[in-house]
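Fold and geometry: a report
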Amino acid sequence: MRVSQALSKMMGIVIALIIVVAVVAGVTSYYMVSSQQRVAIATPSPTPSPSPIITPQTPIATPTKTPEVKVTAIRIGTTEAGAVGYVLGSILANELKKIFPDISISTYPVGGYPINVNQFAQGNIELAYVGTIALGPAWKREPPFDTLPQGAKLPAFTSALYDVAFCLATTPELKGKLGINSWRDLDGKKVSIFTTGWMSHRILMQALQLLGIKVSHIELGAYSSQQADAIKRGDVVAISIHGTAGLASPGTLEFLSKMDLVIINPSPEDAEKVMKAGLGFTWLSVSAVNWTKPMGVDRMFCLVEYTGWHTSPDILPEDFVYKMLKHLIENKDKLAEQHAYLKLFAKDPVNVLVRAISLLPPEVPIHPGTAKLLKEYNAWKPEWDKRIAK
């Protein structure tokens, strides 16, 4: 009985222990869960950030700058040494050295207009000595420039320093005997117009052909004694004469010392046709050239060219040409003291440029440096805008 009572006490103790452990475990579990819930409430879950909306944008174009042209040397094309083009080219070289002392500047006596254009196209000179009567045919690829390769670099109109006026003339005796009163009276007759190597010969012949006037050119050499004798004898009925910068050429003066001459003009209607063709002809007062003798007319229809040096903006840029022209204008009187042919330029240099451009066909572009200068002097014409060289 004592054993049974002892077992009952032990079972009671075990049951009590089990109950205590269960209670403790329950309380502990409660506080752990409660603590986790409080932490979860105090620390909210982060809200996912919305994905950014990417709006396509047009890329901003970066302006492309024209590559700067660095000029280190300038070769000036001229005529043969001793000729007018060489003398004036040497004057130009000396003036450029004053403006650009850090640039090597030299003259290259290569020859006449066609050779200058060809040498420029080959990159052998930076400034080409060319008259306006040659710039037009060069850009239109007319003889003698029709053999230039396509894409060859050509000079844009850049400067004009003096003018030349070319006319047709006969003697008073032949005028009276044959009734030579206009260009049309030369049809079917023999003439001697300068020499075939001159651009003026080509263009005077072209003007006659344009009007349907057929003449036979007798090659005697410009201003040669043979030419003088031929017109005096009547072997030819007309010759050509010219004046430069308001002065009769030396050859013309020699002819006039041996005989009298009278200028032959076309009819007003024919003159209008020739001017519309853009060959470089215009009417001038006969007093525009000091012939030293009366020439039988009050006005004369002449092939007029303005001669200067020309380049392109990718060879000599806008600022260079602008400074060059500005310097020449500011020193025009000093230039006139160096050569008689520069006196016309000294009188009105801006007008010389304007008149030169006005005689050019529209195919010939104009250097942007020349355009800048003429705009500064309010002498630029809006219709020339599309002709500015790029």
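Quick note: structure is the one above.
Residues numbered from 1 in each chain as written. Predicted model: local features only at pLDDT ≥ 70, side-chain atom pairs only at ≥ 80, totals over all residues. Heavy atoms only, no water.

Section: the nonpolar core
If you look at the biggest cluster of nonpolar residues, it comprises 115 residues, and the most contacted ones within it are Phe-157, Trp-183, Ile-241, Phe-281, Trp-291 and Leu-374. Residues within four places of Trp-183 in sequence aside, it is in contact with Leu-168, Ala-207, Leu-208, Leu-211, Ile-213, Ile-264, Asn-265, Pro-266, Val-274, Phe-281 and Phe-301. (Core = buried A, V, L, I, M, F, W, Y, C linked by side-chain atoms within 4.5 Å. Buried < 20%, exposed > 50% of the residue type's maximum accessible area, 1.4 Å probe, protein only. Contact = heavy atoms within 4.5 Å.)

Digging into the environment of Ser-225
Of note, Ser-225 is situated in helix α7 (residues 225–233). With 26 residues separating them along the chain, Ser-225 and Gly-251 place their C-alpha atoms 10.0 Å apart. A distance of 3.3 Å separates a polar atom in the side chain of Ser-225 from a polar atom in the side chain of Gln-226. (Helix = DSSP H or I, 4+ residues; strand = E, 2+ residues; numbered from the N terminus. Polar contact = N/O pair within 3.5 Å; in protein donor to acceptor, adjacent residues only side chain to side chain.)

Some thoughts on empty space enclosed by the protein
Applying the stated criterion across every chain yields a total of 3 cavities of 30 Å³ or more. Volume-wise, the largest cavity comes out at about 110 Å³. For the largest cavity, the lining is made up of 14 residues, of which Ile-133, Pro-137, Gly-278, Leu-279 and Pro-361 are closest to its centre. Among the elements of the structure, α4 (132–139) and α6 (199–210) are those that each provide at least two residues to the lining of the largest cavity. Among the elements that line the lining of the largest cavity, the one with the most residues is α4, at 4 residues. Among the residues making up the lining of the largest cavity, the classes are represented as 7 nonpolar, 5 polar and 2 charged. Empty space within the second largest cavity amounts to approximately 50 Å³. Along its surface, the second largest cavity is lined by Leu-88, Ile-91, Leu-92, Glu-95, Leu-161, Leu-328, Leu-335 and Leu-342. Broken down by element, the lining of the second largest cavity gets its largest block of residues, 4 residues, from helix α2 (residues 84–99). (1 Å grid on protein atoms, 1.4 Å probe; cavity = no way out; pocket = protein on both sides within 12 Å on 5 of 7 lines; lining within 4 Å. Points joined across faces, edges and corners; volume = space filled by probe spheres on them. Nonpolar A, V, L, I, M, F, W, Y, C, P; charged D, E, K, R; others polar.)

Here's the deal with the packing of aromatic side chains
Centre-to-centre distance and the angle between the planes together describe a pair of aromatic rings. Applying the stated criterion to the full structure yields 13 aromatic pairs. Relative to Phe-255, the ring of Tyr-223 has its centre 5.5 Å away and its plane inclined at 70°; by these criteria the two rings are edge-to-face. Within this pair, whereas Tyr-223 is found in the loop between β6 (216–217) and α7, its partner Phe-255 is found in helix α8 (residues 250–258), the two being separated by 32 residues in sequence. Exposure class is identical for Tyr-223 and Phe-255. Each is buried. Ring plane angle 15° and centroid distance 5.4 Å describe the contact between Phe-281 and Phe-301, whose orientation is recorded as stacked. On the criterion of sequence distance, the pair formed by Phe-281 in strand β10 (residues 281–285) and Phe-301 in strand β11 (residues 299–310) is long-range, its members being 20 residues apart. An aromatic cluster is present here, built from Phe-166, Phe-194, Trp-198, Tyr-223 and Phe-255 joined pairwise through their rings. Cation over ring: Arg-299 sits above Trp-283, and NZ or CZ is 3.8 Å from the ring centre. Cation over ring: Lys-372 sits above Tyr-322, and NZ or CZ is 4.5 Å from the ring centre. (Phe/Tyr/Trp six-rings, centres within 6.5 Å; stacked < 30°, edge-to-face > 60°. Lys NZ or Arg CZ within 6 Å of the ring centre and 35° of its normal.)

Let's talk about the pairing of β11
Among the 12 residues of β11, 11 are classified as buried, and the element is accordingly described as predominantly covered. Bridge analysis of strand β3 (residues 128–131) against β11 gives 4 bridges, and the strand direction is antiparallel. Looking at the pairing, Gly-131 lines up with Thr-307 of β11. Pairing between strand β4 (residues 162–170) and β11: 5 bridges, direction antiparallel. Bridge pairing in β11 links Ala-165 to Val-304. In this structure, β10 lies alongside β11, joined through 5 bridges in antiparallel fashion. Among the inter-strand pairings, Trp-283 is bridged to a residue of β11, identified as Phe-301. (Pairing = 2+ DSSP bridges.)

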